[in-house]
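Coordinate inspection notes
Now for the letters of each chain:
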Amino acid sequence: MEKFILAFDQGTTSSRALLFDHKGNIRSVAQKEFQQIFPKPGWVEHDPSEIWSSQVAVAAEAMSKIGINGSNLHGIGITNQRETTIVWDRKTGEPVYNAIVWQDRRTSGFCDELKDRGMAKMIREKTGLVIDAYFSGTKVKWILDHVKGAREKAEKGELAFGTVDSWLVWKLTQGRTHVTDVTNASRTMLYNINTLKWDDELLDLMGIPKSMLPRVASSSEVYDHSNTTFFASKVPIAGIAGDQQAALFGQMCTEEGMVKNTYGTGCFILMNTGEKPFISKNNLVTTIAWQLNGKTIYALEGSIFIGGAVVQWLRDGLGIIKASSEIEALASQVEDSGDLYFVPSFTGMGAPYWDQYARGLMVGISRGTTRAHIARAALEGIAFQTMDVLHVMKLDTGMKIKELRVDGGASANNLLMQFQSDILKTSVIRPKVIETTAMGAAYLAGLATGFWKDTEEIRQQWQPEKQFEPAMPDSQVMTIKRKWADAVKRAKSWTR
């Protein structure tokens, strides 16, 4: 009987399930979107029950598509939207409030308070993170402060907190197992990435009882077996990693200095820095990449808020394209952007600037500017932002970047990938399988269950589909980089 690894890929807008065979091929995929809840401006929530029901529905669909059941599964790997926060009642398993999503900004005021109290240095040294409403800790505090009776229950040990991975394992085991892995723990602003423990000083600062927290495990081990009627047999739950770390592993960036960029709605660039956490001097986040075979591997991460979302804006906001897939053909109608620069900081700037007051800017418009120039400048803006993050990664680590491995929807755009290679003066490599997030979760689960022998066996499966090499003259690269830097300066602090 053929065996498979089932990957749960629980994202921000949809839940997906993918089945991988022993050769690392995807044999079946199912996807289901779920509701986005916006109670107030800047607030973003999900219904935890819908996260769970959509995830099991797609798992059932993926299996039925190829006519298998739980007895064909060698293991389950979970990858998830990170930082999204769920608090539930240990007895009933019912959430006390909706999931507060990573994009939610309601705790910005408390974050400013922490900065004013001079906590930034201590938090950065312990967690590797900047103080921001993005991370989970302040969201847990908000739930305890604002949901009636929640703090009292938490202090009696009656409530559990978890990121989405913890919630899925809790549901899969019917409340038997409350666990997370090091990658998700490292995104909470409550976990000390040096001692690899929940940090009492940080818990006190946020007013969060330790009894709420899950056990922290490695990214690849058998945490428990499924305990629901959903699978015909008990299946080992054996791999967990936050989505960006899972993509780094799925891209087989297993050596120090290897880098991947996921071109999604935003862009997430991670560099494997080996067994040593680098605390960035340039506003990058230090995070745990994974823990495997007793070894903890760290990464530097730069988050860009607007990547592929700029293409959605050209479609829905400006209406210059009807479908996102048209962008490459339109941008290819011109040889260059016609000296037009597009800084897509619609929601402020992420790494390495962290300027929440920046706004989007198009500069260099002339009578000759066309739709095609705007499309091209928008794509180039994605590549320029990636270049800025990689530049500070090199400064922080002193490591030379030999190649950039790419995935995510926009990595299919050849024009964008060629321009990226040109301005980085580095090879850009797109693999055959760009579902690297789910693949990373599958690999971590398969290693723990013996489905794959070791990372060497997996490394053989990673295959490039296309490699882009720099072709632009140096003098031209220097000129456009200088003009981009000038455009960024003009976009900064716009709403302050």
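Up top is the structure.
What comes next is a walk through the structure. Values in this document were obtained by computation on a predicted structure and should not be read as measured data.

1. So, the packing of aromatic side chains
The description of an aromatic ring pair uses the distance of the two centres, along with the angle that the planes make with each other. Under the defined criterion, the tally for this structure stands at 16 aromatic pairs. With 5.3 Å between their ring centres and 90° between their planes, Phe 384 and Phe 419 make a pair best called edge-to-face. Here Phe 419 lies in helix 13 (residues 414–424) and Phe 384 lies in helix 12 (residues 371–397), a separation of 35 residues in the sequence.

2. A word on the sheet that holds strand 1 (residues 4–10)
Reading across from one edge, 3-2-1-5-14-13 is the order of the six strands in this open sheet, with mixed pairing throughout. Looking at which strands have only one partner, the edges of the open sheet turn out to be strand 3 (26–33) and strand 13 (220–225). Across the sheet, the mean angle separating the axes of adjacent strands is 25° when strand polarity is ignored. Sheet analysis places strand 2 (residues 14–20) next to strand 3, joined by seven bridges and oriented antiparallel. Looking at the pairing, Leu 19 lines up with Ser 28 of strand 3. Contacts from helix 6 (residues 164–172) reach strand 1, strand 5 (73–80) and strand 14 (236–242), with the element oriented near 145° to strand 5.

3. Comments concerning the sheet that holds strand 22 (residues 427–431)
Hydrogen bonding along the main chain pairs the strands of a sheet, whether they run parallel or antiparallel. If you walk across this open sheet you meet the seven strands as 17-18-16-15-21-22-23, and the pairing is mixed. Each having just a single partner strand, strand 17 (285–292) and strand 23 (464–468) make up the two edges of the open sheet. Averaged over neighbouring strand pairs, the angle between their axes works out to 30° when direction is ignored. Of the strand pairs in this sheet, strand 15 (residues 259–263) and strand 16 (residues 267–274) are connected by five bridges, and their pairing is antiparallel. Residue pairing for strand 16: Asn 261 is matched across the bridge by Ile 269. Against the sheet, helix 9 (residues 243–250) contacts strand 15, strand 16, strand 17, strand 18 (295–304) and strand 21 (403–407), and its axis sits at roughly 60° relative to strand 17.

4. Thoughts on the nonpolar core
Soluble globular proteins tend to pack their nonpolar side chains together in the buried interior. The biggest cluster of nonpolar side chains holds 62 residues, and the ones touching the most others in it are Tyr 263 and Met 393. Residue contributions to this core peak at 14 residues, all from helix 12. Those residues in contact with Met 393, other than ones at most four positions away along the chain, are Val 259, Ile 269, Leu 270, Met 271, Leu 284, Leu 300, Glu 301, Gly 302 and Gly 398. Residues Ile 123, Leu 159, Trp 198 and Tyr 298 belong to the second largest nonpolar core, which totals 42 residues.

5. A look at the side chain of Asn 413
The topology assignment puts Asn 413 in the loop between strand 21 and helix 13. Reaching out from Asn 413, the side chain makes a polar contact with the backbone nitrogen of Leu 415 at a distance of 3.1 Å. Setting aside residues up to four positions removed in sequence, Asn 413 forms contacts with Ile 327, Glu 328, Leu 379 and Arg 430.

6. Describing a positive patch on the surface
Residues Lys 394, Lys 400, Lys 402 and Lys 481 make up a contiguous surface patch of positive charge. Relative to the assigned elements, Lys 402 resides in the loop between helix 12 and strand 21. Of the residues examined, Lys 402 reaches a relative accessible area of 69% and is grouped as exposed.

Rules and cut-offs
Residues numbered from 1 in each chain as written. Predicted model: local features only at pLDDT ≥ 70, side-chain atom pairs only at ≥ 80, totals over all residues. Heavy atoms only, no water. Phe/Tyr/Trp six-rings, centres within 6.5 Å; stacked < 30°, edge-to-face > 60°. Helix = DSSP H or I, 4+ residues; strand = E, 2+ residues; numbered from the N terminus. Pairing = 2+ DSSP bridges. Axes fitted to C-alpha atoms, helices over the stretch in contact; angles between N-to-C directions. Contact = heavy atoms within 4.5 Å. Core = buried A, V, L, I, M, F, W, Y, C linked by side-chain atoms within 4.5 Å. Buried < 20%, exposed > 50% of the residue type's maximum accessible area, 1.4 Å probe, protein only. Polar contact = N/O pair within 3.5 Å; in protein donor to acceptor, adjacent residues only side chain to side chain. Patch = residues over 30% accessible without salt bridge, like charges linked within 9 Å, V, L, I, M, F, W, Y side chains within 5 Å. Areas by Shrake-Rupley, 256 points an atom, 1.4 Å probe, with all protein chains shown as cover. Salt bridge = Lys/Arg side-chain N within 4 Å of Asp/Glu carboxyl O. Lys, Arg positive; Asp, Glu negative; His and termini not counted. Charge placed at Lys NZ, Arg CZ, Asp CG, Glu CD.

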